[in-house]
Amino acid sequence: MMQDARKRRRRSGSLVLQKRRRRLLSFIPTEDSTRRLKQMGSLASALTTLQMKFSDDLTYMPGMAPRYANQSNFEDGGMQILSKEDTETLEQCRAMCKRGECPPLIVVFDSCEGFTVEADEPIKDMTFIAEYTGDVDYIKNREHDDCDSMMTLLLAKDPTKSLVICPDKRGNIARFINGINNHTMDGKKKQNCKCVRYSVNGECRVFLVATRDIAKGERLYYDYNGYEHEYPTENFV
């Protein structure tokens, strides 16, 4: 089975049962180094506009949740463990990013939707897109936070131990992938990615994965309300 990874302004995900587990695929970077620089430059510009710093990892800051609070065994109902094969895919993707070989994505600004992410090359179904990163904090500390990009990380049996990812100061391209309007059929048809939560070495992690083949130039969308149905999407384009 596969677990997906917001309360009022918190993204979340759902529990999906599958008869046969499907393996994650590594993204394929754009071969043209000039084009890759343009892709990375678009992300850098978006981060700068929001006064954010780039981070491809979960960050644990003083005054927020400590790293030892992120234990997947706290998850109510348990959390799927990332398989050995998918862990190898994850590490391969992380190694490519560190070499400057990032997923073929470009951040563009839309007057209606704000920052959005487009595929700059075709992307196959089940391709690893990005890990959702940012500062980790307790949900109880963010109940009245107006950040619209918080992502559920851990839903614990003890609610005081539940965690969210807060990409308001640090984050990566996942911060700019938009949600669908899941109150309309047209909105639901846009969805081409899914947020999935896994246990990796005993810690909770959130990944964005393609749910179908994505064409070059197509914008990336996923459902913010796959699990808790608490994110208001009725006014989304």
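Refer to the structure printed above.
Here's what I pulled together on the structure shown here. Just so it is clear, the model here is predicted, and its values are computed rather than measured. The residue count restarts for each chain, going from 1 along the sequence in the order it is written. The predicted nature of this model means local features are confined to residues of pLDDT at least 70 and side-chain atom pairs, given and counted, to a pLDDT of 80 or more, with totals for whole chains, interfaces and linings taken over all residues. Each side-chain value is worked out from all heavy atoms of the structure, with water and hydrogens disregarded.

### Points about the packing of aromatic side chains
- Pairing of aromatic side chains requires ring centres within 6.5 Å, counting the rings of Phe and Tyr and the six-membered ring of Trp. Pairs whose planes differ by under 30 degrees are stacked, by over 60 edge-to-face, and all others tilted. Tallying each qualifying case throughout the model produces five aromatic pairs.
- Arranged with centres 5.2 Å apart and planes meeting at 75 degrees, the rings of phenylalanine 109 and phenylalanine 115 form a pair that is edge-to-face.
- The class for phenylalanine 115 is buried, based on a relative accessible area of 19%.
- Aromatic rings pair up to connect Phe109, Phe115 and Phe176 into one cluster. Each residue gets one of three labels from its accessible area relative to the maximum for its type: buried under 20%, exposed over 50%, partly exposed in between, using a 1.4 Å probe on protein chains only.

### Considering helix α2 (residues 84-98)
- Only runs of H or I of at least four residues qualify as helices and only runs of E of at least two qualify as strands under DSSP, and these elements are numbered from the N terminus. Every helix has an expected span of 1.5 Å times one less than the residues it contains. For α2, spanning 15 residues, the distance from its first C-alpha to its last is 21 Å, which sits close to the expected 21 Å at 1.5 Å a residue.
- Among all positions of α2, only Asp86, Thr89, Leu90, Cys93, Arg94 and Met96 are buried. Projection of α2 onto a plane perpendicular to its axis shows the buried side chains occupying an angular sector of 160 degrees, all on one side. Exposed side of α2, more than 90 degrees from the buried face: Lys84 and Lys98 are the residues found there.
- What makes two residues a contact is simply this: any of their non-hydrogen atoms within 4.5 Å. Elements in contact with the buried residues of α2: β8 (128-131) and β15 (203-210).
- Glycine 100 sits one or two residues past α2 and shows a positive phi near 85 degrees. Throughout, the arc means that of the directions going from the helix axis to the C-beta atoms.

### A closer look at the state of the cysteines
- Defined by distance alone, a disulfide is two cysteine sulfur atoms within 2.5 Å. Under the definition given, this model contains zero disulfides.
- Looking at the unpaired cysteine 195, the closest cysteine sulfur is the one in cysteine 193, lying at 9.1 Å.
- Take cysteine 195: its relative accessible area is 3%, and that puts it in the buried class.

### Description of unusual backbone geometry
- A positive phi angle, near 55 degrees, is found at glutamine 51, a position not held by glycine.
- Summarising the element assignment, glutamine 51 is placed in the loop between α1 (33-49) and β4 (53-54).
- Assessed through its relative accessible area of 72%, glutamine 51 is described here as exposed.
- Phi angles above zero are rare outside glycine, and methionine 126 is one such case at about 75 degrees.
- Along the chain, methionine 126 turns up in the loop between β7 (114-119) and β8.

### Things to note about the pattern of salt bridges
- A side-chain nitrogen of Lys or Arg and a carboxyl oxygen of Asp or Glu constitute a salt bridge if their distance falls within 4 Å. A complete count under the given rule lists 15 salt bridges for this structure.
- With a closest N to O distance of 2.7 Å, glutamate 203 and arginine 67 form a salt bridge. A residue pair is termed long-range when its members are at least 10 positions apart, and glutamate 203 in strand β15 and arginine 67 in the loop between β5 (58-59) and α2 qualify at 136 residues.
- On the accessibility criterion, glutamate 203 (16% relative accessible area) is buried.
- One salt bridge connects arginine 212 with glutamate 218, and the closest N-O pair in it is separated by 2.6 Å.
- Taken together, the shared-partner salt bridges in this structure form one network comprising Asp57, Arg94, Glu131 and Arg205.

### Thoughts on α1
- Here α1 contains 17 residues, and its C-alpha end-to-end distance of 24 Å stays within 8% of the 24 Å for a straight helix at 1.5 Å per residue.
- Every buried residue of α1 is accounted for by Arg36, Gln39, Ser42, Leu43, Ala46 and Leu47. Along the axis of α1, the buried residues cluster in a sector spanning 130 degrees; they form a single face. Residues of α1 that are exposed and angled more than 90 degrees away from the buried face: Thr34, Leu37, Thr48 and Thr49.
- Contacts from the buried residues of α1 go to β4, β6 (105-110), β7 and β12 (170-171).
- Of the residues that open α1, the one with a side-chain oxygen 3.0 Å from the backbone nitrogen of threonine 34 is aspartate 32.
- Following α1 by one or two positions, glutamine 51 adopts a phi angle in the positive range, close to 55 degrees. Side-chain atoms alone can form a polar contact between residues adjacent in sequence; in general such a contact is a pair of N or O atoms within 3.5 Å, and within protein one must be able to donate a hydrogen while the other accepts it.

By themselves, these are just geometric observations and shouldn't be taken as functional.
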